[in-house]
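Residue-level structure breakdown
Spelled out from the first residue to the last, the chains are:
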Amino acid sequence: MEISHLLLGLCAFLHFHKSVSAESTCKLKAKFNLNGYKDVEKKKVVVGGMFPVHQRVTSTDGNTSSVPVSSGCEGFNFRTFRWTQTMLFAIEEINLRTDLLPKTDLGYVIYDSCFTISKAVEGTLTYLTGQDEAVPNYRCGDGAPLAALVGAGGSDLSIATARILGLYHFPQVSYFSSCSALESKFQFPTFLRTIPNDVHQSTAIAKLVLHFGWTWVGTIAADDDYGKYGIKEFKEQVEEAGVCISFSETLPKVSSPEDIQRIVDTVVESTAKIIVVFSSDVDLSPLIVELLRHNVTNRTWIASEAWVTSALINQPGVSSVLGGTLGFGVKRANIPGLQSYLLSLDPYADSLTEEFWETAFNCTLNYGKALREARERAKAANSTLSRAARAVPDGLCTGKESLQRLNSTYSDVSQLRITYNVYKAVYAVAHALHNLEHCVPGQGPFNRNSCAEITSFEPWQLMYYLKNVRFNVPHTEEEIFFNDGDVDGYYDIINWQVKGDGELSYVIVGSYNGTAQPEARMTIQNESIVWNNEDVEHPRSVCSENCQPGTRKGIRQGEPVCCFDCIPCADGEISNTTNARECIQCSEDYWSNAVRDTCVPKTIEFLAFGEPLGITLIVISAFGALVTIAVGVVFIVNLGTPLVKANDALLSFSLLFSLVVTFLCSIVFLGEPQPWSCMTSQVALALGFALCLSSIMGKAAVLMLRAQALKAARAKAKAAAKAAKAAAEAAANSGNPDVIVTNTNNNNNTDSNPGGNPEKDKLTFAHQRAIAAVATLIQAVACTVWLIILPPHPVKNTAAQNVKIILECDEGSVVFICCIFAYDILLALLAFIFAFIARKLEDHLSEAKCVTFGMLVFFIVWISFVPAYLSTRGKFMVAVQIFAILASSFGLLACIFLPKCYVLLVKPERNTEEMMRPRSKPRDGTSTGTSASLATAATEVNATIASTAIDD
């Protein structure tokens, strides 16, 4: 800050000459225009004071043709005028005491800073000089020593004065300058204050914001050190805690309607319902007026101590805008006798008091001025003043007006907070002077234990006593001491509540003590607060509503972190706190619930015995096994019959046994998988199908060989018949038929069984049994190796379905399971091929066709099983597998044994040797037959040949 243009004074020069005595010359560079109070005559010590009695300086015309005179002041402030009178009251009270400075009368020099830095500097320089004109570096007066300066009001004023006073190590005790920048003893070594450092206030406001969970806050600060440093400290603390600043505006120091309108627009457009204001009442007042004009309501204002109890702000009609305001006020106290002193003011004592009186009662104490104004009003009304009107013109103050009836801020002592700080500051100086005066020689704090004289002490000597002063304030008994120039940070939390008459009252709803433990510093009665809305609950001020458990915060690109979207947690993830930044992955055996705020155990799924589907499968499996056993019983009952004999009873029973195994092994697939059930179900199924399919393959192989043998025999018989016919024709032509017939018979007997007896099978029942046994043994060996190396075992399948744990059997080795069941498929394929080749064997049972259809059913079932199995999950996979086992088993049972049971049970008359023989040859001459027809094939061939010979 440049103050060179403010340091207007004389530069003294001393010229010495050997023959001439020292002579000093002073030139007046500028004229200061200062108002205030001064009483230094016959006083032992003079205390300085500086108060912003006016709100601003008047504008100048910029004339440079005459000696410059500093601007005057305007905008009288009743509140700060009360502060001034409080200092006068305190000095008068101290001078009357016998226990404090009993031998020393205090004088005073008090200046009006006009709430302006330039005026504060003018007053400081004038005070240091000791006379009306400022002479830098010189004490031109020879009166009582200057003790300390009480002031200078706002923080920016005190910063300016403290820089000057610090040059001379001159003590300064402030009552209103709370800016944290003033705590620097490097820059301001002689600055002390009776108001708490704003670090405490910024922390208190931050705690208040966090207490109510407000995360979207607007800030407004005065364009001075008080506002800038206060808001800066506040922002740093709340932003670290996750609070976002919706907007940050600065109040102009010089009236600017454009800037005020811009701030109003910002407040209206912002969604923030909480607005923190660090400003003096003077700077804030124009904004409040504009907010009232725009009827900006539904906002909660957080007030700093500079305006929380200001009557300048609390004007009639502001309740709609400022009702519910919360703020921090410095400690309040009652000062006995102060109100009487304030009301006993003499309007003619000095110019400041005259201006106060005229402003308060809207009149003038100047008779000439009142008469001129009366004449101007009469002239405007085209009339003349009467004698009585000239004697006592309208607008003339009598000086007898009652301040008590005025009911103004000046006489209101209900909220003595800053006033109390002024009182404490004056007493701090007095107690320091008292300690200095009563220093015991030889026990002093200075060089060689010396003391300072009360009539000629240096400012730095008084500074020592001020830094170490400790006293109890009169009437309140509050102990005051300075800790590096600061006092303890204690505040009342004040709520602006609307009374029945519509006016606002200040209600204390809590407190803040900066010296207490962090968790106990702020106490607040939430239920005592009245908000600026009709709700009982405190207002909400958030950019985005809290993300409830089950969601996480998704930051919006380019926006503050308090503005976010609530994104639901993905399946399997949860968030169990409000405003979670990330979702938590549930462990393997757990899954998120419907609202995704808790991990719940996954549903254990397996095809249980007791559920309807399990019961149905058990019933079907048991029914299939019982039907198969019943078929076996039927075969046992008819064991000696031609039909049973012709089908090898042992092979039939092994086939029935294997079907019983496949039916029953499907039950083992049910229930919770166990190691034994996993191994038993797969091995039993593999071995059961191996035995079943190998038995069928043995039967089909015999049928195929019989069909091939019969086809060969008939082909040879047909060839022999053609040869005999040719021979007969040749014999007839030669006339020797007997020879031809004999040759034909011989050829027939020879050709009918060229390789042996055609009635005898190449594969006997023993061969079929051996095929079934060997094929089954191979499967048994493979299964044994499988069980030893990588056996099936139960596992928890957590990947198939998110919300379920599927208990299933792991095959152990995909290679083994594929090889084992591929072997079964190979057996089935061979059986199908053998049966398909023998499908044209004709007998009454058509067994080859039955086997062919049985194998077709088997293949259709298992081919359909593959896509059905792969498209299902969980217990239904087991159900599909069991259905495939049951369907294929029922298909084989029905196709192979149903025709035989039909004969044995329904048509027993067909169970004869005759019915086991071949049926007549079809008309188309195709050679077909069965196991029974092959035995008579030679007879049929011989008859054919004989018939042909006779015809010829």
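The shown structure was predicted, so the numbers you read here are calculated from the model rather than taken from an experiment. (Residues numbered from 1 in each chain as written. Predicted model: local features only at pLDDT ≥ 70, side-chain atom pairs only at ≥ 80, totals over all residues. Heavy atoms only, no water.)

To continue, consider helix α22 (residues 814–837). The end-to-end C-alpha separation of α22 is 34 Å, in line with the 34 Å expected for 24 residues at 1.5 Å each. Among all positions of α22, only Ile 817, Ile 820, Tyr 823, Asp 824, Leu 827, Ala 828, Ala 831, Phe 832, Phe 834 and Ala 835 are buried. (Helix = DSSP H or I, 4+ residues; strand = E, 2+ residues; numbered from the N terminus. Expected span 1.5 Å × (residues − 1). Buried < 20%, exposed > 50% of the residue type's maximum accessible area, 1.4 Å probe, protein only.)

Formally, a disulfide is one covalent bond, and it connects the sulfur atom of one cysteine to the sulfur atom of another. Inspection of the entire model under this criterion finds 9 disulfides. Residue pairing for Cys 678: its cysteine sulfur links by disulfide to Cys 809, the two sulfurs lying 2.0 Å apart. Judged by the sign of its S-S torsion, about -80 degrees, the bond between Cys 678 and Cys 809 is left-handed. One end of the pair, Cys 678, is in helix α19 (residues 675–734); the other, Cys 809, is in strand β29 (residues 804–810), with 131 residues separating them in the sequence. Judged by its relative accessible area of 23%, Cys 809 is partly exposed. (Disulfide = S-S within 2.5 Å.)

Attention now goes to a nonpolar patch on the surface. On the surface, Leu 777, Val 781, Val 785, Ile 788, Ile 789 and Leu 790 cluster together to form a nonpolar patch covering roughly 560 Å² of accessible area. Mapped onto the elements of the fold, Ile 788 is located in helix α21 (residues 765–789). (Patch = residues over 30% accessible without salt bridge, like charges linked within 9 Å, V, L, I, M, F, W, Y side chains within 5 Å. Areas by Shrake-Rupley, 256 points an atom, 1.4 Å probe, with all protein chains shown as cover. Salt bridge = Lys/Arg side-chain N within 4 Å of Asp/Glu carboxyl O.)

The next point concerns the packing of aromatic side chains. Counted according to the given criterion, the structure contains 36 aromatic pairs. Ring geometry for Phe 89 versus Tyr 341: centroids 5.5 Å apart, planes at 55 degrees, classification tilted. Of the two residues, Phe 89 is situated in helix α1 (residues 78–96) and Tyr 341 in helix α9 (residues 338–343); the sequence distance between them amounts to 252 residues. Across the pair, exposure class does not vary: Phe 89 and Tyr 341 are buried alike. Between Tyr 423 and Tyr 427, the aromatic rings sit 4.9 Å apart at their centres with planes inclined by 50 degrees, giving tilted as the arrangement. Of this pair, Tyr 423 and Tyr 427 both sit in helix α14 (residues 418–437), separated by 4 residues, roughly a single helical turn. Accessibility assignment for this pair places Tyr 423 and Tyr 427 in one class, buried. A connected cluster of aromatic rings, assembled from ring pairs, spans Phe 689, Phe 832, Phe 836, Phe 858, Phe 859, Trp 862 and Phe 865. (Phe/Tyr/Trp six-rings, centres within 6.5 Å; stacked < 30°, edge-to-face > 60°.)

Here we take up the sheet that holds strand β27 (residues 603–605). Read across the sheet, 3 strands follow the order β27-β29-β28 without closing on themselves; strand pairing throughout is mixed. The open sheet is flanked by β27 and β28 (793–797), the only strands paired with a single partner. Going from strand to strand, the sheet's axes swing by 25 degrees on average, the running direction of each strand aside. (Pairing = 2+ DSSP bridges. Axes fitted to C-alpha atoms, helices over the stretch in contact; angles between N-to-C directions.)

Reading across from one edge, β3-β7-β4-β8-β9-β10 is the order of the 6 strands in this open sheet, with mixed pairing throughout. Each edge of the sheet is formed by a strand with only one pairing partner; in this case those strands are β3 (36–39) and β10 (191–193). Each strand of the sheet is rotated relative to its neighbour by a mean of 25 degrees, with strand direction disregarded. When β3 meets strand β7 (residues 106–112), the two strands line up antiparallel, connected through 4 bridges. Note that in β7 the partner of Tyr 37 across the bridge is Ile 110. On top of the sheet, α1 reaches β3, β4 (45–51), β7 and β8 (146–150); it is set at about 175 degrees to β7, its chief contact. (Contact = heavy atoms within 4.5 Å.)

With that out of the way, let us pick up the pattern of salt bridges. Under the counting rule described, the total for this entry stands at 25 salt bridges. Residue Glu 479 is joined to Arg 470 by a salt bridge in which the shortest nitrogen-to-oxygen separation is 3.0 Å. For Glu 479, a relative accessible area of 41% puts it in the partly exposed group. Residue classification places Arg 470 among the exposed positions, given a relative accessible area of 51%.

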